[in-house]
Amino acid sequence: MNGDAPNPRRGLRLPGLQWFVAALLLLLGAWLLFSPRAIEPPEAPLATAGDASAGAAPGSATVYFGDRLGRALVSERRDVVAGSTLEARVKGVVAAMAEEPETQGAVRVLPPAARLGRVFHDADSATLYLDFSPELVTQHPGGSTAEWATLAALARTVSANFPEIARLQLLVDGQPVETLAGHFDTSQPLDLATWQ
Amino acid sequence: MVWRPVAPALALWSAVVLWSSWAHAASDLRVRAAAGRVLATLPTERLLPDSDELYVSANGLAEALDLDRFWKPETRKLVLKAGDRRIQVTVDARLVLDGDTETLLRVPVLYKRGNVMLPIEFIERCLAPRLGEGARFDRATLDLVTGPADVDVLAVDGEPVATGGRIRVRLAHALRFRAETTSKQMLRLQVSDARLDPVAIAAERPAPLVRLVRAEQRGRDAVLYFELEPEFGLFTSRAEDDGRTIVLDLQRGAAGAAAAASNRTPMLRDLVDTSTTQDSFDVVVIDPGHGGFDRGAQGAGLEEKAVTLQLAQALQPVLERELGVRVILVRNGDETLSAESRAELANRAQGDVFISLHCDAWHDPAAGGIDVSYAPLDRSAGADAALASIRRGVTDFLPWTTAHLPYVARSQQLAELLAAELPARLDLPGRGARPAELEVLQGVAMPAVMLEVGFLTNAGDAQAINDPEFAARLAAGVGAVLRTFRDESRAAGSGSGAPGNATPNGESR
């Protein structure tokens, strides 16, 4: 500041170098805005499930098993641990699937040794991530009927108790697996609507 | 000062020129035969602000090199097939998979304007080494040379003649050859003790009646495949020019004249519509389920992967003899194959029917019987949009999960025929035909089913499957069903409103 009165016209008179820099900055901004670049992959913010998601009524859940001859799924109402978070409620419901069914002749469709570890919920994509132990694959009996039943029972159980969930991604040791038994693609989230 | 008023314009012009040259002054990539003939010129461009690496369209590259390509939009994976190698890239990833070989590129594969864009480094490190003998890439000149210089099969050209089309195969010197039709729409020319550059020989529509020419080096022999139009009838072959030219005269069949009147240029997207016509029944693909480290179901001392291979190998000669078709096994040994590989092989073989053989399993040993599955009609918006894009010519990629959609109705028909016929033949309970989202069926561009011949967890089923007579009875049953299916398909194809013509949009083709 030299104490001179400000000249309103002086501010508009930029020297050539400043014009050049200004034009470059303008072009740089435009280029950053419109230039071709890699499409960002959709992020899956695997936020741990919180209290915000509503679930089934505490203490009661619909759980799916297989029938004796592998022709259909059967449902049962089961008492489950009433967790305060979606994560806890999902764990309670899946744990019920691993128990012996009460319906005469019905069978479990999850390998008994498979354990559910972490549960994540991506509210933006309505996707539930279930992270199982490797026994989900290594102890699976195989066959398209048994593989279908495992996936369909999980999908229907989740749908019945957590209507806000639209898609289900199975993980094993934190990673998606291509398939459980060689027939169905599990590398991508299952669309629950197609498994009803 | 005089220069001040023009300074902004000068600065703007300079910046535009500088930026434009940085972004677009990339050279073209030339694909050429060793003899020097340029087969294709592909534009390259810089796509990353912090890298000088050039990118080229995967679509253009595949077209120029005649590579099969498979695009799976859900996982954004693209597989390019070079010879017997499958090279897989993923959009926005740097990792390239080629069998057991992993290559980490310096920059990622990108996606731009509906095209997968490959960095030049991919061509240099992953693709050129797989193109075969003599292929090489020069990064400085961006020249991709596709084959050896000392070839014996020089060129293929053609011309129209009154009765159809004439193909001339130019040789460096006289060589023995053999020409034969392997199906109604495939002519095979084998030139003994000859070397060729497959990319240089490949051509589209070199003459009337010829849709596509492909070539491969098979040991010491050069083999050329001519994909023919439906109106092709018969051919004659002869040598000219002291044996240095093989002439193939192709003639229209009696039924071909009408079809020729509505001639049109087929493209890759036509796979959706016409790769398997209803009256085409030349190739049956049998897929023995599982294999390698994937043992499949187990029970009663049996492993599914071994059972399915044994049954498939028993089916092959019976079906070939009874139906007069060529039967291709997806695997003929204890190999690990992905569902995509199986479908890809079936499509490559231009099969007319695909049967995936499996054994079932259940948690209770009481479950048993024969199960047949077919892919459901996926009416998702994504599938419909993909099919519509292909029809409009927006993209030439055939999305993996849409390949089977046009065949769903005929697949269901085949599944129901098998489910009705086999239980009595094999003396096992029938469990009917059902739709199931089976991965191996989704990429198959032909009628396709999964046949579960019994439960290995059921003692009765396992005992029946283990019976030495089981394979023969299964072969007889499948043969009878395929004969019925073929006859019904042909009858439907000659009429209107054939079930197989239904599209996901309900349109009629």
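A quick note: this is a predicted structure, and the numbers were derived from the prediction, not measured.

In terms of regular secondary structure, chain A is built from four helices and seven strands. Mapped in sequence order, the helices and strands of chain A form the string α-β-β-α-β-β-α-α-β-β-β. Expressed as a percentage of the 196 residues in chain A, the buried residues total 35%.

We now examine unusual backbone geometry. Peptide bonds are, in most cases, trans, and in most cases residues other than glycine have a negative phi. Even without a glycine there, the phi angle at Ala126 of chain A is positive, about 50 degrees. The class for Ala126 of chain A is partly exposed, based on 17 C-beta atoms found within 10 Å. A positive phi is found at Gln350 of chain B, a non-glycine position, where the angle reads about 55 degrees. Following the sequence through the fold, Gln350 of chain B ends up in the loop between helix 8 (339-348) and strand 26 (353-360). Look at Gln350 of chain B and you get buried, because 21 C-beta atoms sit within 10 Å.

We now examine the environment of Arg167 of chain A. Residue and element names in this part refer to chain A. Within the secondary structure, Arg167 sits in strand 5 (residues 167-172). Considered as a pair, Arg167 and Tyr129 are 38 residues apart in the sequence and their alpha carbons are 8.7 Å apart. In contact with Arg167, not counting residues within four places along its chain, are Ser125, Ala126, Thr127, Pro189, Leu190, Asp191 and Leu192.

With that settled, the discussion passes to the pairing of strand 13 (residues 153-161) of chain B. Both strand 13 of chain B and strand 14 (residues 164-171) of chain B contribute to a ladder of eight bridges, which runs antiparallel. By the bridge assignment for strand 14 of chain B, Ala155 of chain B is matched with Arg170 of chain B.

On to the confidence of the model for chain B. Residues and elements named next belong to chain B. For chain B, the average pLDDT comes to 81, and 80% of its residues sit at 70 or higher. Across residues 255-277, confidence stays below pLDDT 50; counting only partners more than four residues off in sequence or on other chains, it has 35 contacts. Within the model, pLDDT remains below 50 along residues 495-509, and this stretch shows 26 contacts once partners closer than five positions in the same chain are excluded. Scored as a complex, the prediction yields pTM 0.55 and ipTM 0.71.

So, about the sheet that holds strand 22 (residues 283-288) of chain B. Residues and elements named next belong to chain B. Taken in spatial order, the six strands of this open sheet run 25-22-26-29-27-28, and their pairing is mixed. One side of each edge strand has no neighbouring strand; the edge strands of this open sheet are strand 25 (326-329) and strand 28 (430-435). Taking the axes of each pair of neighbouring strands and ignoring which way they run, one obtains an average angle of 20 degrees across the sheet. In this structure, strand 22 lies alongside strand 26, joined through five bridges in parallel fashion. Residue Val285 lies in a different strand from strand 26, and its bridge partner there is Phe354. Relative to strand 27 (residues 370-374), helix 10 (residues 408-426) is tilted by about 175 degrees, and along the sheet it contacts strand 26, strand 27, strand 28 and strand 29 (448-455).

Further remarks concern the sheet that holds strand 14 of chain B. Residues and elements named next belong to chain B. If you walk across this open sheet you meet the four strands as 13-14-21-20, and the pairing is antiparallel. In the strand order of this sheet, the two ends are held by strand 13 and strand 20 (232-240), each with one partner. Adjacent strand axes in the sheet meet at a mean angle of 15 degrees, parallel and antiparallel pairs treated alike. Sheet analysis places strand 20 next to strand 21 (residues 245-252), joined by eight bridges and oriented antiparallel. When the sheet's bridge partners are listed, Glu240 is paired in strand 21 with Thr245.

The rules behind these values
- Here the residue index of a chain counts from 1 through its sequence in written order.
- Whichever chain is written first is A, and whichever ligand is written first is 1; the rest continue in order.
- Only residues with pLDDT of at least 70 get local features here, since the model is predicted, and only at 80 or more are side-chain atom pairs given and counted; chain-wide, interface and lining totals rely on the full set of residues.
- What counts as a helix is a DSSP run of H or I of at least four residues, what counts as a strand is a run of E of at least two, and both are numbered from the N terminus.
- The exposure label follows from counting other C-beta atoms within 10 Å of a residue's C-beta, where the C-beta atoms are placed from the backbone and the thresholds are 20 or more for buried and 12 or fewer for exposed, leaving partly exposed in between.
- Here, residues touch in the contact sense if the C-beta positions derived from the backbone fall within 7 Å of one another.
- Pairing between strands is defined by DSSP: at least two bridges between the two strands are required.
- On a range of 0 to 100, pLDDT expresses the predictor's confidence in each residue.
- Orientation is described by lines fitted to C-alpha atoms, with helices fitted over the stretch in contact, and by angles between N-to-C directions that extend from 0 to 180 degrees.

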